Amino acid sequence: MAFKLGREKRNFKHSGNVDIVKTPLDSGVLGEANMDGSISVDPSVDLNSPLGRRVIKHEKQHIADIESGRAAYNDSVVMWEGKLYIRKEINGEKVIDGPNGRWPEGHPNHPWEQSAINAEKE
């Protein structure tokens with residue numbers, strides 16, 4: 001989760017009641033749900049393409065889970081359904097010690113990712 005203060009100009013788009021900002025993300029990351037209720041999307045993603053629509057549905061589910069209190073996160077932990085899971089970096093890879101074991105961030109074995117993956121299909 002990151003933010004910048006100051007005179008930065010952002011190109012916000014809106015999808016429903018969610019602000020979407022195009023910003024470069026880590027390699028392999030197409031979208032991120034932010035704790036402020038916005039969604040960051042990598043500039044390589046065309047929001048009008050099938051992939052872009054899938055990314056937005058996925059991240060909107062994360063936002064819904066955050067707003068409902070089911071999920072939250074910061075740089076150190078992920079909270080899912082009232083339990084905290086540690087985030088760390090091992091050999092340059094970001095991982096989370098989640099309820100199903102240690103997996104890379106964004107891995108479908110994390111239950112919060114399953115929630116978002118299921119939303120992509122709706």
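As shown above, the structure is provided for reference.
What comes next concerns the included structure.

Conventions used here
Residues numbered from 1 in each chain as written. Predicted model: local features only at pLDDT ≥ 70, side-chain atom pairs only at ≥ 80, totals over all residues. Heavy atoms only, no water. Pairing = 2+ DSSP bridges. Helix = DSSP H or I, 4+ residues; strand = E, 2+ residues; numbered from the N terminus. Axes fitted to C-alpha atoms, helices over the stretch in contact; angles between N-to-C directions. Contact = heavy atoms within 4.5 Å. Core = buried A, V, L, I, M, F, W, Y, C linked by side-chain atoms within 4.5 Å. Buried < 20%, exposed > 50% of the residue type's maximum accessible area, 1.4 Å probe, protein only. Parallel < 35°, antiparallel > 145°, perpendicular 65-115°, else oblique. Left-handed = near helix turned anticlockwise from the far one by under 90°. Nonpolar A, V, L, I, M, F, W, Y, C, P; charged D, E, K, R; others polar. Salt bridge = Lys/Arg side-chain N within 4 Å of Asp/Glu carboxyl O.

The next point concerns the sheet that holds strand β8 (residues 93-98). Spatially, the five strands line up as an open sheet ordered β5-β6-β7-β8-β9, and their pairing is antiparallel. On the outer flanks of this sheet lie β5 (71-73) and β9 (101-104), each paired with one strand and no other. Neighbour-to-neighbour, the strand axes of the sheet open up by a mean angle of 25°, direction not taken into account. Relative to β8, strand β7 (residues 83-90) is paired through four bridges, and the arrangement is antiparallel. Bridge pairing links K88 to V95 in β8. Packing against the sheet, helix α2 (residues 111-120) makes contact with β6 (77-80), β7 and β8, and its axis sits at approximately 65° to β6.

Moving on: the nonpolar core. Ranked by size, the top nonpolar core spans nine residues in total: V18, I20, A33, I39, V41, V45, L47, I56 and I63. Mapped onto this core, the elements with two or more residues apiece are β2 (18-22), β4 (39-41) and α1 (50-67). V45 has contacts with K22, L30 and G52, leaving out every residue within four places of it along the chain.

Turning our attention to the packing of α1 against α2. Two numbers describe how α1 lies on α2: the axes approach to 8 Å, and their chain directions differ by 135°. Relative to α2, α1 is oriented oblique. The crossing of α1 and α2 is right-handed. Where α1 approaches α2, its residues R54, K57, H58, Q61, H62 and D65 are matched on the opposing element by W112, E113, S115, A116, I117, A119 and E120. Among the residues forming the contact of α1 with α2, the class breakdown is four nonpolar, four polar and five charged.

With that settled, the discussion passes to the environment of G69. With respect to the helices, strands and loops of the structure, G69 is situated in the loop between α1 and β5. Note: C-alpha distance between G69 and G82 (13 residues apart in sequence) is 8.4 Å.

The next thing to look at is the pairing of β9. Note: β8 against β9, four bridges, orientation antiparallel. Across the sheet, I96 pairs through a bridge with W103, a residue of β9. Hairpin connection, β8 to β9: the antiparallel pair is bridged by two residues.

Once that is clear, we can look at the pattern of salt bridges. In this structure the tally under the stated criterion is seven salt bridges. Linking D26 and K94 is a salt bridge whose minimum nitrogen-to-oxygen distance equals 3.0 Å. On the criterion of sequence distance, the pair formed by D26 in the loop between β2 and β3 (31-33) and K94 in strand β8 is long-range, its members being 68 residues apart. With relative accessibility at 39%, the residue K94 sits in the partly exposed group. Each of the salt bridges in this network shares a partner with another, and the network as a whole consists of D65, R70 and E81.

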